[in-house]
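One letter stands for each residue in the lines below.
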Amino acid sequence: SDSENRTSFCLTRNLYERHHEIAVSTVNYTCPNKRCSAERNFQSWDYVQWTEQILNMRVRLARYAGIPSTEVVGFRAPLLEPASDMHFRIIAGNKFLYDSSLIINSDSDELLWPFTLDYKVVTPLQNNGPIKTYPGLWELPIPTYIDIDNSK
């Protein structure tokens, strides 16, 4: 079942007025994919549902927080569960500048910087990333860190 969106539009507007970047997830911040749902007969969101979820959140920010849709240019998949190419195609086609949904597996100590999706992602991902390219769309990856001695 879809949970109610708990966005505080007043607080969001306050952050926007203080020049913070405002990005969106979806209207109902719930599992969009079959593998993350506990519901037995759950159907993963299709293209129309993803589009409605993403773009309606932009509309809500404009309507209830007074933030112009053109200034909401970032996206993160709900529960960090991207839909492979589906949500990337939607955000790239609707003038988003960046996504921050990909969890990067890194065995090295090197920090992975934001990158464009001009080329295919070859870095090992922990979640369902894009297969195709999306020229000009930035990815702000989420690195994984392991505390080796488990003391911090």
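Described in the following lines is the structure provided in the data block. As the structure is a computational prediction, the values presented were derived from the model and not from experiment.

### Thoughts on the overall build of the chain
(1) Moving on: In terms of helices and strands, the chain carries three helices and six strands.
(2) Moving on: Starting at the N terminus and ending at the C terminus, the chain contains elements arranged as α-α-β-α-β-β-β-β-β.
(3) Moving on: When the 152 residues of the chain are sorted by exposure, 39% land in the buried category.
(4) Moving on: At a minimum sequence separation of 6, the contacts of the chain that also span at least 24 residues come to 68%.
(5) Moving on: Roughly 9700 Å² of accessible area belongs to the chain as shown, and the carbon and sulfur atoms make up 52% of that amount.

### Some words on the pairing of strand β5 (residues 134-139)
(1) Moving on: When strand β2 (residues 98-99) meets β5, the two strands line up parallel, connected through two bridges. Residue pairing in the sheet places Asp99 in a bridge with Glu139 of β5.

### As for the environment of Asn94
(1) Moving on: Considering the arrangement of structural elements, one finds Asn94 in the loop between α3 (85-93) and β2.
(2) Moving on: Discounting residues that sit within four places of it in the chain, Asn94 has contacts with Leu55 and Arg58.

### Focus on the packing of helix α1 (residues 9-17) against helix α2 (residues 47-65)
(1) Moving on: At a closest axis distance of 9 Å, the pairing of α1 and α2 adopts a crossing angle of 85 degrees. The pairing of α1 with α2 is recorded here as roughly perpendicular in orientation. Only Met57, Arg60, Leu61, Tyr64 and Ala65 of α2 make contact with α1, whose side of the interface consists of Phe9, Thr12 and Arg13.
(2) Moving on: In the contact of α1 with α2, the residues fall into five nonpolar, one polar and two charged.

### A closer look at the pattern of salt bridges
(1) Moving on: One pass over the structure, following the stated rule, counts one salt bridge.
(2) Moving on: A salt bridge links Arg13 to Glu17; the shortest N-O distance between them is 2.9 Å. Linking Arg13 with Glu17, this pair stays in helix α1, spanning four residues, or about one helical turn.
(3) Moving on: On the basis of relative accessible area, Arg13 is assigned to the partly exposed category, the value being 26%.

### Focus: the nonpolar core
Soluble globular proteins: nonpolar side chains tend toward being buried together.
(1) Moving on: Of all hydrophobic cores here, the largest spans 29 residues; its most connected members are Val24, Trp50, Ile54, Leu61, Ile67, Phe75 and Leu117.
(2) Moving on: Here this core takes five residues from α2, the largest share from any one element.
(3) Moving on: Excluding residues within four positions of it along the chain, Leu117 makes contact with Phe88, Pro130, Thr133, Tyr134, Pro135, Leu137 and Glu139.

### A word on the side chain of Thr51
(1) Moving on: Looking at where Thr51 falls in the secondary structure, it is placed in helix α2.
(2) Moving on: For Thr51, a relative accessible area of 18% gives the class buried.
(3) Moving on: Reaching out from Thr51, the side chain makes a polar contact with the backbone oxygen of Tyr47 at a distance of 2.8 Å.
(4) Moving on: Excluding its chain neighbours within four sequence positions, the residues that come into contact with Thr51 are Asn56 and Ile90.

### Considering the packing of aromatic side chains
(1) Moving on: Summed over the entire model, instances satisfying the criterion amount to four aromatic pairs.
(2) Moving on: Between Trp45 and Trp50, the aromatic rings sit 5.1 Å apart at their centres with planes inclined by 75 degrees, giving edge-to-face as the arrangement.
(3) Moving on: Under the relative-accessibility criterion, Trp45 is labelled buried at 8%.
(4) Moving on: Residue Trp50 is classed as buried on the basis of its relative accessible area, which comes to 0%.
(5) Moving on: Here the basic side chain of Arg58 rests over the ring of Phe96, its NZ or CZ set 3.7 Å away from the ring centre.

Reading the values: the criteria
Residues numbered from 1 in each chain as written. Predicted model: local features only at pLDDT ≥ 70, side-chain atom pairs only at ≥ 80, totals over all residues. Heavy atoms only, no water. Helix = DSSP H or I, 4+ residues; strand = E, 2+ residues; numbered from the N terminus. Buried < 20%, exposed > 50% of the residue type's maximum accessible area, 1.4 Å probe, protein only. Contact = heavy atoms within 4.5 Å. Areas by Shrake-Rupley, 256 points an atom, 1.4 Å probe, with all protein chains shown as cover. Pairing = 2+ DSSP bridges. Axes fitted to C-alpha atoms, helices over the stretch in contact; angles between N-to-C directions. Parallel < 35°, antiparallel > 145°, perpendicular 65-115°, else oblique. Nonpolar A, V, L, I, M, F, W, Y, C, P; charged D, E, K, R; others polar. Salt bridge = Lys/Arg side-chain N within 4 Å of Asp/Glu carboxyl O. Core = buried A, V, L, I, M, F, W, Y, C linked by side-chain atoms within 4.5 Å. Polar contact = N/O pair within 3.5 Å; in protein donor to acceptor, adjacent residues only side chain to side chain. Phe/Tyr/Trp six-rings, centres within 6.5 Å; stacked < 30°, edge-to-face > 60°. Lys NZ or Arg CZ within 6 Å of the ring centre and 35° of its normal.

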